[in-house]
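# Observations on chain architecture
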Amino acid sequence: MAVAELSTSYTKTSLHSRLSLSTRLADHRRLALRPRLLPRTQTGRVYCSVVSNQVQAAAPLQAEEAKKKPECYGVFCLTYDLKAEDETKSWKKLINIAVSGAAGMISNHLLFKLASGEVFGPDQPIALKLLGSERSFQALEGVAMELEDSLFPLLREVSISIDPYDVFQDVEWALLIGAKPRGPGMERAGLLDINGQIFAKQGKALNAVASRNVKVIVVGNPCNTNALICLKNAPNIPAKNFHALTRLDENRAKCQLALKAGVFYDKVSNVTIWGNHSTTQVPDFLNARINGLPVKEVIKDTKWLEEEFTEKVQKRGGVLIEKWGRSSAASTSVSIVDAIRSLVTPTPEGDWFSSGVYTDGNPYGIAEGLVFSMPCRSKGDGDYELVKDIIFDDYLHGRIAKTEAELLAEKRCVAHLTGEGVAVCDLPEDTMLPGEM
Ligand code: LMR
């Protein structure tokens with residue numbers, strides 16, 4: 001899931017000097033966007049009603065005000081007239097969602113799910129704020145055009161930018177997908193540093209301009225450590241609001257258990273992924289259930305569980321890359337939807353879901369100050385709590401210790417990006433992202 005467009009980050013200062021930063025891009029944007037921009041009112045919008053066909057007169061936007069507004073895209077510079085449908089529908093307040101790596105494969109699936117209402121519900125209007133890189137800017141426009149052509153009634157605004165300070169302004173959700181994939185000959189420490197720089201800048205931008213209660217889901221790999229870097233650079237946002245995506249691993253584990261037990265996967269519950277989204281991750285079969293029974297009572301083959309099952313889940317991403325020639329995109333986007341829905345809908349009684357979250361105050365004895373996948377429950381308010389009644393055995397403890405050691409080593413490697421001193425990169429062995437085998 002790491003392989004997406006690299007979102008180049010710029011500082012706040014460079015936001016306002018975008019033209020000097022990249023004349024070529026600015027020229028391109030002016031050419032590409034000017035004909036599409038529609039006249040606006042003094043509040044920067046044209047009011048139109050899709051339903052009643054009444055368009056109010058537009059007044060020219062003041063030059064100063066125009067400078068402050070991020071670019072809206074095409075038809076999304078029109079404002080959907082909520083009043084027109086007041087009698088038949090009750091809409092929730094619009095939410096702002098930022099997506100980085102917005103021109104990449106994962107986003108290409110995800111954005112359309114978000115806009116359709118599948119994620120936040122059929123009465124939840126959304127604004128999509130798309131972050132791309134200079135290199136991907138044209139593709140970003142292509143994405144915005146396809147969103148226009150899809151006529152989603154819930155999609156009220158789309159804006160595109162290469163500047164995180166533009167994109168993260170007032171966002172309630174930030175889905176951070178863009179990251180650089182590991183290239184040939186690149187050491188893992190190098191990858192940690194390159195992507196860490198991106199997530200440090202994005203953390204700073206979130207800290208400066210996002211909603212104080214923004215929920216951040218980091219997908220770009222190495223996602224646990226990227227999420228840690230991001231949260232350390234956003235001290236004014238609760239650390240609890242940052243997640244590293246391990247839901248895809250949970251879904252993969254459920255599928256393998258279902259296959260082995262000969263049941264459909266809706267019968268598998270209580271699956272935790274512990275630790276890092278890497279080949280040290282621990283799919284927990286000790287606490288998982290099939291048809292409400294402990295997995296070990298249904299699948300009696302402990303050797304299979306400890307070896308084959310565990311390795312299959314850990315390396316699934318890599319096997320997919322071999323088949324596809326690129327990393328998983330559709331299933332990753334589905335798992336992002338699952339991860340969000342798990343936070344905005346109450347967790348079914350007795351069940352839980354996995355997410356990479358901050359370890360401070362965890363009840364399992366896992367080292368503090370890490371982003372570590374653990375079992376969570378939510379009341380559906382966007383927040384979560386860690387599940388307490390979990391059992392451990394020596395096997396599970398041993399596996400968790402290994403993935404914990406890896407994350408501690410990654411953390412030491414990025415100390416220069418988390419404000420914790422000088423980085424010491426002593427990764428014990430060159431462990432892999434699922435896709436790097
Ligand atoms: C996955 O799990 O499919 C991805 O994280 C693989 C990768 O390394 O991109």
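Residues numbered from 1 in each chain as written. Predicted model: local features only at pLDDT ≥ 70, side-chain atom pairs only at ≥ 80, totals over all residues. Heavy atoms only, no water.

Quick look at the state of the cysteines now. Such a bond, covalent and formed between the sulfur atoms of two cysteines, is termed a disulfide. Counting across every chain of the model gives one disulfide. Through a disulfide, Cys 413 is tied to Cys 425; the S-S separation comes to 1.4 Å. Since a negative S-S torsion denotes a left-handed disulfide, the Cys 413-Cys 425 link at about 40 degrees is right-handed. With Cys 413 in helix H14 (residues 394-413) and Cys 425 in the segment after helix H15 (415-418), the pair connects residues that are twelve residues apart, well separated along the chain. (Disulfide = S-S within 2.5 Å. Helix = DSSP H or I, 4+ residues; strand = E, 2+ residues; numbered from the N terminus.)

Here we come to the sheet that holds strand S13 (residues 293-294). Picture the strands of a sheet paired through backbone hydrogen bonds; they go either parallel or antiparallel. Spatially, the three strands line up as an open sheet ordered S9-S12-S13, and their pairing is antiparallel. The open sheet has two edge strands, strand S9 (268-269) and S13, and neither has a second partner. Here strand S12 (residues 289-290) pairs with S13 via two bridges, running antiparallel. Paired with Ile 290 across the bridge in S13 is Leu 293. (Pairing = 2+ DSSP bridges.)

A few words now on the pattern of salt bridges. Considering all chains together, one arrives at 14 salt bridges under this definition. When the shortest N-O distance is used, the salt bridge between Lys 411 and Glu 420 registers 3.8 Å. In this structure Lys 411 comes out as buried when scored by relative accessible area, which is 16%. Judged by its relative accessible area of 37%, Glu 420 falls in the partly exposed class. Counted as one network, the salt bridges with shared partners bring together Lys 232, Lys 411 and Glu 420. (Salt bridge = Lys/Arg side-chain N within 4 Å of Asp/Glu carboxyl O. Buried < 20%, exposed > 50% of the residue type's maximum accessible area, 1.4 Å probe, protein only.)

Here the focus is the packing of aromatic side chains. For the structure shown, the criterion picks out nine aromatic pairs. An angle of 40 degrees between the planes, with centres 5.5 Å apart, marks the rings of Phe 285 and Tyr 395 as tilted. Pair noted here: Phe 285 is in the loop between strand S11 (282-284) and S12 and Tyr 395 is in helix H14, with a separation of 110 residues, a long-range link. When its relative accessible area of 3% is taken as the criterion, Phe 285 is described as buried. When the ring centre of Trp 91 is taken as reference, the NZ or CZ atom of Arg 156 above it lies at 4.5 Å. (Phe/Tyr/Trp six-rings, centres within 6.5 Å; stacked < 30°, edge-to-face > 60°. Lys NZ or Arg CZ within 6 Å of the ring centre and 35° of its normal.)

Attention now goes to the packing of helix H10 (residues 247-261) against helix H13 (residues 330-344). Working note: a packed helix pair is described by the angle between its axes plus the distance between those axes. Taken N-terminus to C-terminus, the directions of H10 and H13 make an angle of 105 degrees; their axes are 8 Å apart at the nearest point. Comparing their axes, H13 and H10 come out roughly perpendicular. Residues Arg 247, Leu 248 and Asn 251 of H10 lie in contact with H13, whose contacting residues are Ser 331, Thr 332, Ser 335, Asp 338, Ala 339 and Ser 342. When the residues that make up the contact of H10 with H13 are grouped by side-chain class, the tally is two nonpolar, five polar and two charged. (Axes fitted to C-alpha atoms, helices over the stretch in contact; angles between N-to-C directions. Parallel < 35°, antiparallel > 145°, perpendicular 65-115°, else oblique. Contact = heavy atoms within 4.5 Å. Nonpolar A, V, L, I, M, F, W, Y, C, P; charged D, E, K, R; others polar.)

Moving on: helix H12 (residues 302-324). In a regular helix each residue adds 1.5 Å, so 23 residues correspond to 33 Å; H12 covers 31 Å between its end C-alpha atoms and thus fits that length. Most pronounced at Lys 315, the bend in H12 amounts to some 55 degrees. Taken residue by residue, H12 has Trp 304, Leu 305, Phe 309, Thr 310, Val 313, Gln 314, Gly 317 and Gly 318 as its buried positions. Each element contacted by the buried residues of H12 is listed here: H10, strand S10 (272-274), S11, helix H11 (295-298) and H14. (Expected span 1.5 Å × (residues − 1). Bend = angle between axes of the 7 residues up to and from the residue.)

Side chains of a nonpolar character, in soluble globular proteins, are inclined to be buried together. Within the largest apolar cluster, 58 residues are counted, with the highest numbers of intra-cluster contacts made by Ile 97, Leu 114, Leu 128, Leu 130, Leu 147 and Trp 274. When sequence neighbours within four positions are dropped, the list of residues in contact with Leu 130 reads Val 99, Ala 102, Leu 111, Leu 140, Val 143, Leu 147, Val 158, Ser 159, Ile 160, Ser 161 and Val 167. Grouped together as the second largest cluster of nonpolar side chains are 35 residues, Ala 98, Ala 210, Ala 227 and Cys 230 included. (Core = buried A, V, L, I, M, F, W, Y, C linked by side-chain atoms within 4.5 Å.)

Excluding glycine, residues mostly carry a negative phi; peptide bonds, for their part, are mostly trans. Between Asn 221 and Pro 222 the backbone carries a cis peptide bond, its omega angle lying at -5 degrees. Residue position: Pro 222 is located in the loop between strand S7 (215-218) and helix H9 (223-232). For Asp 170, which is not glycine, the phi torsion reads 60 degrees and is therefore positive. Following the sequence through the fold, Asp 170 ends up in the loop between helix H7 (164-167) and strand S6 (173-176). For Asp 170, a relative accessible area of 43% translates into the label partly exposed.

Here we come to the environment of Gln 202. Looking at where Gln 202 falls in the secondary structure, it is placed in helix H8 (residues 188-209). When the C-alpha atoms of Gln 202 and Asn 233 are compared, they prove to be 8.2 Å apart, with 31 residues separating the residues in sequence.

Looking now at helix H6 (residues 137-149). Between the first and last C-alpha of H6 there are 19 Å, a value that for 13 residues agrees with the 18 Å anticipated at 1.5 Å per step. Where H6 is concerned, the buried positions are Phe 137, Leu 140, Glu 141, Val 143, Ala 144, Leu 147 and Glu 148. Angularly, the buried residues of H6 cover 155 degrees about the axis, an arc narrow enough to put them on a single face. Along H6, exposed side chains directed more than 90 degrees from the buried face belong to Gln 138 and Asp 149. (Arc of directions from axis to C-beta.)

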